[in-house]
Amino acid sequence: MQNNNIWSHRWTFILAAVGSAVGLGNLWKFPYITGEYGGGAFVLVYLVTIALIGVPVFMAESLLGRKSRKSPVDGVTKLAKENGATPLWGGVGIMGAFTGVLILSFYSVIAGWAIHYFIRFATGALVGIDADAAGAELGNLFASPVNLTIYHTLFMAATMFIIGLGVHKGLERGVNVLLPLLFVMLIVVAIYAGINGDFGAAASFLFSFELSKLSLEGWLAALGHAFFTLSLGMGSIFVYGSYMSSESSLAKTAVTVAVLDTVVALIAGLAIFSLIFGNGLEASQGPGLLFVSLPLAFAEMPGSAFFGAFFMALVLFAALSSSISILEPIVAFFVSKGVNRVLTTLVVGLFVWLVGMLTVFSFNVLAGFTPIGEWTMFDIFDKLTSNVTLPLGGVLLSLFAAWVLTKETLVAQIPNDTVRMIWIALARFVAPLGVTFVMLKALSVPMLWALVAAVAFVALVSVVQVKAGAARQA
Ligand code: PFF
């Protein structure tokens, strides 16, 4: 990380952070898990988590990045040493890197589906399609490991290209134009979906809050998704914060990003469920939900091939501005250790690609391979990261920022007294207790094992890393 590389304007950081936050999480994941966990109650837990836990953790992460001006592992280790705490805190950054590998591995496969739909829209293959044909389209895609692999490879290559050459600044400027465009297109799609589908049913599905209807797993998924959608807990916002100017307000920034991100998810949800209910489809059909419903939105639209392809291009762009933020902290870690950027990107990218093949196969040849409960490898990667390591990482970072840093540092970073007091209360108590509450509430057997294994692994790696550091210094 370079110190001279500070974004001059607060808006630039917000755009980069929104680029990271708004992605497949909002358009693909939020609707499908909301459908799986039954709607309103899930949405309520998600919204409360964003406000009471997501925003303070976002502030903690960007604060730590801005204070240390380093990549997550080095930044936390440095701040720990400066403040007389154990350098083992750096382990949170290492857990973040592992989490990033797993997230990016499946993220790239799903983004690959959008490449497929882009092509299919552009060639006019989806014009006038009905619900049955839309289901068959998705079924055929899932059944072809070869096609899925090609798309996954294309998306990973694009992500690696941008990170390898360090050219993401250009992409972040693109966020300026393309994300507002995505927003406008999303509203158009939502209006269309509302007219052609069942808007009333969608709204009552999303906003009829009955907590008693929420399963234990649903609680955890809603909490985990709040972290996933805001890119928290693995270092993305930390890295972006390390470029943030010292003057801008952490609180305003965090709230702005959280509001934009949430609005995008809710509009996407309204659009998709209008189509789903209007066409008599299942809300709980899983990861294919977005891709089954979108062709139906465009089927009746004039110029459907063009608009469908255009919309998919915007989805892909949103995915790319998120995927680079997942890869960057991992690459930044190795670059800070003196390894060449291009080489690091190639090696890490290849590894992520390989892990991604397990997700490719989860939808066809390995669909029956469910090592934990009914979870395929894709489900395991998704749940282990969103529901375990992201919340854990986020809470540890927030505990670190709020308990370990000195009062002077906190005053300098959050000058407004009232805002700082509220943040300290949320970061020290509400976020950790909230996450602990939901984790304990939801502790099913496979979750417990995943949690123990993840924590043990990270502890081990951290000890090794600290020992190696001490040996190097001796
Ligand atoms: N927030 C992104 C999305 O909603 O699509 C995904 C993501 C990016 C998760 C960066 C985690 C992360 F660190």
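For the structure itself, look to the data block above.
Residues numbered from 1 in each chain as written. Predicted model: local features only at pLDDT ≥ 70, side-chain atom pairs only at ≥ 80, totals over all residues. Heavy atoms only, no water.

1. Observations regarding the overall build of the chain
Definition in use: Here a helix means four or more residues in a row that DSSP labels H or I, a strand means two or more in a row labelled E, and each is numbered from the N terminus. Note on classification: 1.4 Å probe, protein chains only; a residue is buried when its accessible area is under 20% of the maximum for its type, exposed when over 50%, partly exposed between these limits. Every residue pair with non-hydrogen atoms within 4.5 Å of one another is taken to be in contact. Values of accessible area rely on a 1.4 Å probe in the Shrake-Rupley scheme; residue burial ignores everything except the protein chains shown. Lys and Arg are tallied as positive, Asp and Glu as negative. Neither His nor the chain termini are counted. Taken as the charge location is NZ of Lys, CZ of Arg, CG of Asp or CD of Glu.
Scanning the chain from terminus to terminus reveals 19 helices and zero strands. In terms of its C-alpha atoms, the chain occupies a principal-axis envelope of roughly 65 × 45 × 45 Å. Within the chain, the proportion of its 474 residues that are buried is 58%. Counting contacts in the chain only where the partners sit at least 6 residues apart, residues at least 24 apart contribute 84% of the total. When the accessible area of the chain is evaluated, it comes to approximately 17,700 Å², of which 70% is carbon and sulfur surface. The centroid of the 22 positive side-chain charges in the chain is displaced by 17 Å from the centroid of its 21 negative side-chain charges.

2. Some remarks on the packing of helix H16 (residues 377-404) against helix H18 (residues 417-442)
Which entries qualify depends on this criterion: To define axes, lines are fitted to C-alpha atoms, for helices over the stretch in contact only, and angles between the resulting N-to-C directions are given on a 0 to 180 degree scale. With respect to orientation, any angle under 35 degrees is reported as roughly parallel, any angle over 145 as roughly antiparallel, any angle of 65 to 115 as roughly perpendicular, and every other angle as oblique. Note on convention: the crossing is left-handed when the near helix lies turned anticlockwise from the far helix by less than a right angle, right-handed when the turn is clockwise. When residue character is reported, Ala, Val, Leu, Ile, Met, Phe, Trp, Tyr, Cys and Pro are called nonpolar, Asp, Glu, Lys and Arg charged, and the others, Gly included, polar.
H18 packs onto H16 with a crossing angle of 155 degrees between their chain directions and a minimal axis gap of 9 Å. As far as their axial angle goes, H18 and H16 are roughly antiparallel. Here H16 runs over H18; the crossing is left-handed. Seen from H16, the contacting residues are Asn387, Val388, Pro391, Val395, Ser398, Leu399, Ala401, Ala402 and Trp403; seen from H18, they are Trp423, Ala427, Arg428, Phe429, Ala431, Pro432, Val435 and Met439. Here the contact of H16 with H18 is built from residues that sort into 14 nonpolar, two polar and one charged.

3. Details of the environment of Leu440
Relative to the helices and strands, Leu440 is located in helix H18. Distance in space between the C-alpha atoms of Leu440 and Gly308 is 43 Å, their sequence separation being 132 residues.

4. Points about the site of the ligand
Note the following rule: Working definition: residue near molecule or strand if any one of its non-hydrogen atoms lies within 4 Å of it. Here a polar contact is recorded for every N or O atom pair within 3.5 Å, except that within protein the pair must consist of a potential hydrogen donor and a potential acceptor, and residues adjacent in sequence are included only if both atoms are side-chain atoms.
Taken together, 15 residues lie near the ligand, and Ala21, Gly25, Tyr107, Phe228 and Ser236 sit nearest. For the ligand, an oxygen atom lies 2.5 Å from a polar atom in the side chain of Tyr107. Here a nitrogen atom of the ligand sits 2.8 Å away from a polar atom, N or O, in the main chain of Phe228. In isolation the ligand exposes 340 Å². Once the protein is present, 100% of that is buried. Of all the secondary-structure elements, those providing two or more residues to the shell around the ligand are helix H1 (10-21), helix H2 (24-36), helix H10 (216-229) and helix H14 (304-336). Of the residues in the shell around the ligand, the class split is six nonpolar, nine polar and no charged.

5. Side note on the packing of aromatic side chains
What counts, and what does not: Within 6.5 Å between ring centres, the rings of Phe, Tyr and Trp (the latter by its six-membered ring) count as paired, and their orientation is classed by plane angle as stacked under 30 degrees, edge-to-face over 60, tilted in between. By definition here, charges over rings are those cases where NZ of Lys or CZ of Arg is within 6 Å of the ring centre and within 35 degrees of the ring normal.
The final tally for this structure, using the stated rule, is 23 aromatic pairs. Ring centres of Trp219 and Phe437 lie 5.9 Å apart, and the angle between their planes is 80 degrees; this geometry places the pair in the edge-to-face category. Taken together, the residues span a long stretch of sequence, with Trp219 in helix H10 and Phe437 in helix H18 at a distance of 218 residues. A relative accessible area of 14% places Trp219 in the buried class. Taken together, the ring pairs in this structure connect Trp28, Tyr32, Phe106, Trp113, Tyr117, Phe142, Phe291, Phe363 and Phe378 into an aromatic cluster. Cation over ring: Arg428 sits above Trp403, and NZ or CZ is 4.2 Å from the ring centre.

6. Comments concerning the environment of Met95
Counting through the fold element by element, Met95 comes out in helix H5 (residues 91-122). Sequence separation between Met95 and Ala459 is 364 residues, and the spatial gap between their C-alpha atoms is 9.0 Å. Non-local contacts of Met95, meaning those with residues more than four positions away in its chain, are made with Thr389, Leu392, Gly393 and Val458.

7. With respect to the nonpolar core
Put simply, the rule reads: Note on terminology: a nonpolar core comprises buried Ala, Val, Leu, Ile, Met, Phe, Trp, Tyr and Cys residues joined through side-chain atoms within 4.5 Å.
The biggest cluster of nonpolar side chains holds 163 residues, and the ones touching the most others in it are Trp28, Trp113, Phe291, Phe311 and Trp423. Other than its neighbours up to four places away in sequence, Phe311 contacts Leu182, Met185, Leu186, Val189, Leu294 and Phe298.

8. Topic: a nonpolar patch on the surface
Note the cut-off: Residues with no salt bridge and a relative accessible area higher than 30% make up the patches, which join like charges within 9 Å and nonpolar side chains (Val, Leu, Ile, Met, Phe, Trp, Tyr) within 5 Å. By convention in these notes, a salt bridge is any Lys or Arg side-chain nitrogen within 4 Å of a carboxyl oxygen on Asp or Glu.
Together, Phe161, Leu165, Val167, Phe334, Val339, Val342, Leu343, Leu346 and Val347 give the surface a local cluster of nonpolar side chains, amounting to about 790 Å² of exposed area. For the nonpolar patch, the element with the highest residue contribution is helix H15 (residues 341-362), accounting for four residues. Looking at the element boundaries, Val339 is found in the loop between H14 and H15. Here Val339 falls in the partly exposed class, since its relative accessible area comes to 32%.

9. Brief notes about H15
Selection rule: Expected helix span is computed as 1.5 Å times (number of residues minus one).
Look at H15: 31 Å from first C-alpha to last across 22 residues, which is about the 32 Å you get at 1.5 Å a residue. Every buried residue of H15 is accounted for by Thr344, Thr345, Val348, Gly349, Val352, Val355, Gly356, Met357, Thr359, Val360 and Ser362. Tucked into the core, H15 has its buried residues touching H5, helix H7 (145-164), H14 and H16. Of the residues that open H15, the one with a side-chain oxygen 2.8 Å from the backbone nitrogen of Val342 is Asn340.

10. Overview of unusual backbone geometry
One non-glycine residue, Arg69, lies in positive phi territory at about 50 degrees. Checked against the element boundaries, Arg69 lands in the loop between helix H3 (40-68) and helix H4 (72-82). With relative accessibility at 12%, the residue Arg69 sits in the buried group. Phi at Ser231 is positive, roughly 60 degrees, even though this residue is not glycine. Locating Ser231 in the fold gives a position in the loop between H10 and helix H11 (236-241).

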